[in-house]
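Here is what each chain is made of, one letter per residue.
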Amino acid sequence: MKRPRAAIGTALAAALLAAATLPARGDEVGVSGDAILFGQAAALEGPSSMLGQHMRRGIVAAFTEINAKGGVHGRKLQLISRDDGYDPDRSVSQTLQLIEDDKVFALIGAVGTPTAMATIPLTSARNIPFIGPFSGAEFLRDLELPNVVNIRASYSAETETLVKHLTEDRHFTRIGIFYQDDSFGRDGLAGVKNALARRGLELAAEGTFERNTRAVTTAWRTIKRAEPEAIVMVGTYGPSAEFIKLAHRNGVYPTFVNISFVGATALARELGPDAEGVVVAQVVPFPWDRSIKLVADYQAAQRAFDPTLTPDFVSLEGYLSGRLAAAALEKAGPNPTRAGLLRAIKDTGRFDISGSIVTVGARALDTPPKVFLTVIQKDGTFKAVDRL
């Protein structure tokens, strides 16, 4: 993935130059005698808002649970969230406000690849922890970005799982792709192409759409001509739902498979009766399976925070990020610094969160996070499957 690394490198150099002109700050920014302040820049309004909102819910549920037990070394964890509308320029502005005005200790729960590409240089230049971004982009696994704490599987791992299912379980050979025309979508496109190439196949067709729009008609017209048996979708829930509905209205019913960033619960809600049979890859445990202790703890924490909320994959991921941040702070000791937190994460590499193992950094390269598939049922619920 040369392009993202080059873009990150250029932006990082600019951010380092800008940071050199800033007044010196102690590593303990965002830490007081009784609290540690985290910041989140994410889509909280607009067409992708459910992603940012649900990440926030999960993080706050985790923090509420930790705080009810006395916090971390006597300090309560707090979260300030700012809306970036899933727009890179706005994300830079909001991230700078979190860093310079709100003076947060660390960032957590950012949403999206293009926004992360724009904001990570700002945090890297200041060595500010960037924890649990909701993105499977390859550059987030770069060990040359030591302030990035990634906990989820890569898009290449997700697309490999999806293509393996389509080709080996379903025996499809004509596979198309519908993707967002930016760094996020191109990352998914590369993953699908590579997975197909390993099986001696090529894409049957591809169509794109612009971020934060539902303008999918052109993509549909392009893809339908190839009559694909399956279509891999690399987008958010709004345009993906619009595309599936458009296909169904035209009497076309290929198998639709989505990567996890789509926001599975939001997709099912948008699709209604059109959702049945749609496949979504997932990178966190099944959020309704209370036999998993992590899930049972997550559900209990969410009920304590807000009894009206229901489980879903995105808020579970937010909860996991919040719990990881707390676990790392415990290891960092009673006088946390940004550098100390990152050192504790790097040195540990493997965290036991309610019986579920989360690997980060170099340990994640050796033991990558898992990917599994779900299929939406007629009533809008999800079924976890190994083989459909």
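Residues numbered from 1 in each chain as written. Predicted model: local features only at pLDDT ≥ 70, side-chain atom pairs only at ≥ 80, totals over all residues. Heavy atoms only, no water.

Counting residues in each nonpolar core, the largest one holds 103 residues, and the members touching the most others are F38, L77, F178, V232, F243 and L267. Considering each element in turn, this core owes the most residues, ten residues, to helix α11 (residues 313-332). Apart from residues lying up to four places away in sequence, F243 is in contact with F178, V216, A219, W220, I223, I231, M233 and F256. (Core = buried A, V, L, I, M, F, W, Y, C linked by side-chain atoms within 4.5 Å. Buried < 20%, exposed > 50% of the residue type's maximum accessible area, 1.4 Å probe, protein only. Helix = DSSP H or I, 4+ residues; strand = E, 2+ residues; numbered from the N terminus. Contact = heavy atoms within 4.5 Å.)

Residue placement: N67 occurs in helix α2 (residues 49-68). Once residues within four sequence positions are removed from consideration, N67 is found in contact with R75, K76 and L77.

This brings us to helix α8 (residues 237-249). Counting along an α-helix, one turn takes 3.6 residues, and residues three or four places apart therefore face a common direction. Compared with an ideal rise of 1.5 Å per residue, which puts 13 residues at 18 Å, α8 spans 18 Å between its outermost C-alpha atoms and is within 8% of the ideal. Taken across its 13 residues, α8 has ten buried, putting it largely inside the fold. Along α8, the positions that sit buried rather than exposed are Y237, G238, P239, S240, A241, F243, I244, L246, A247 and H248. Phi turns positive one or two residues past the end of α8, at G251, with a value near 75°. (Expected span 1.5 Å × (residues − 1).)

Scanning the entire structure with this criterion turns up 16 aromatic pairs. When the centroid spacing of 5.9 Å and the interplanar angle of 15° are considered together, the rings of W288 and F382 count as stacked. Highlighted residues: W288 in the loop between β10 (279-282) and α10 (293-305) and F382 in strand β14 (residues 382-385), separated in sequence by 94 residues. Judged by its relative accessible area of 35%, W288 is partly exposed. (Phe/Tyr/Trp six-rings, centres within 6.5 Å; stacked < 30°, edge-to-face > 60°.)

Here the focus is the UniProt feature "domain: Leucine-binding protein" (unreviewed entry) in the protein. Under the feature "domain: Leucine-binding protein" (unreviewed entry), the UniProt entry names residues 39-352. For the annotated span residues 39-352, helix accounts for 48% and strand for 15% of the residues, and the straight-line distance between the end C-alpha atoms is 24 Å. (UniProt positions renumbered as here; feature names shortened; annotations may be inferred.)

With that settled, consider the pattern of salt bridges. On inspection of all chains with the given rule, the structure shows 15 salt bridges. Notably, a salt bridge pairs E160 with R199, separated by 2.6 Å at the nearest N-O pair. On the criterion of sequence distance, the pair formed by E160 in helix α5 (residues 155-169) and R199 in the loop between α6 (183-197) and β7 (205-209) is long-range, its members being 39 residues apart. On the basis of relative accessible area, R199 is assigned to the partly exposed category, the value being 24%. It is possible to trace a salt-bridge network through shared partners that takes in E160, E168, R198 and R199. (Salt bridge = Lys/Arg side-chain N within 4 Å of Asp/Glu carboxyl O.)

Here we come to the sheet that holds strand β2 (residues 76-83). Across the sheet, which stays open at both edges, the five strands sit in the order β2-β1-β3-β4-β5 with parallel pairing between neighbours. Among the strands making up the open sheet, the edge pair consists of β2 and β5 (148-149). As defined by bridge partners, strand β3 (residues 106-108) adjoins strand β4 (residues 130-131) across two bridges and the pair is classed as parallel. When the sheet's bridge partners are listed, I108 is paired in β4 with I131. Each of β1 (35-42), β2 and β3 touches α2; the most contacted strand, β2, lies at about 165° to it. (Pairing = 2+ DSSP bridges. Axes fitted to C-alpha atoms, helices over the stretch in contact; angles between N-to-C directions.)

Across the sheet, seven strands lie side by side as β7-β6-β8-β9-β10-β13-β14; this open sheet has mixed pairing. The two strands at the open ends of the sheet, each matched to only one other strand, are β7 and β14. Averaged over all adjacent pairs, the angle separating strand axes in this sheet is 25°, with direction ignored. Taken together, the four bridges between strand β13 (residues 372-376) and β14 define a ladder with antiparallel strand orientation. Looking across to β14, one finds that I376 is bridged to F382. Each of β6 (175-180), β8 (230-234), β9 (255-258), β10 and β13 is contacted by α5, which is oriented at about 160° to β9, the strand it contacts most.

Residue placement: T123 occurs in helix α4 (residues 113-126). Under the relative-accessibility criterion, T123 is labelled buried at 0%. In this structure the C-alpha to C-alpha distance between T123 and A325, which are 202 residues apart in sequence, comes to 16 Å. Beyond its immediate stretch of four places on either side in the chain, T123 contacts T95, I99, L107, I128, F130 and N147.

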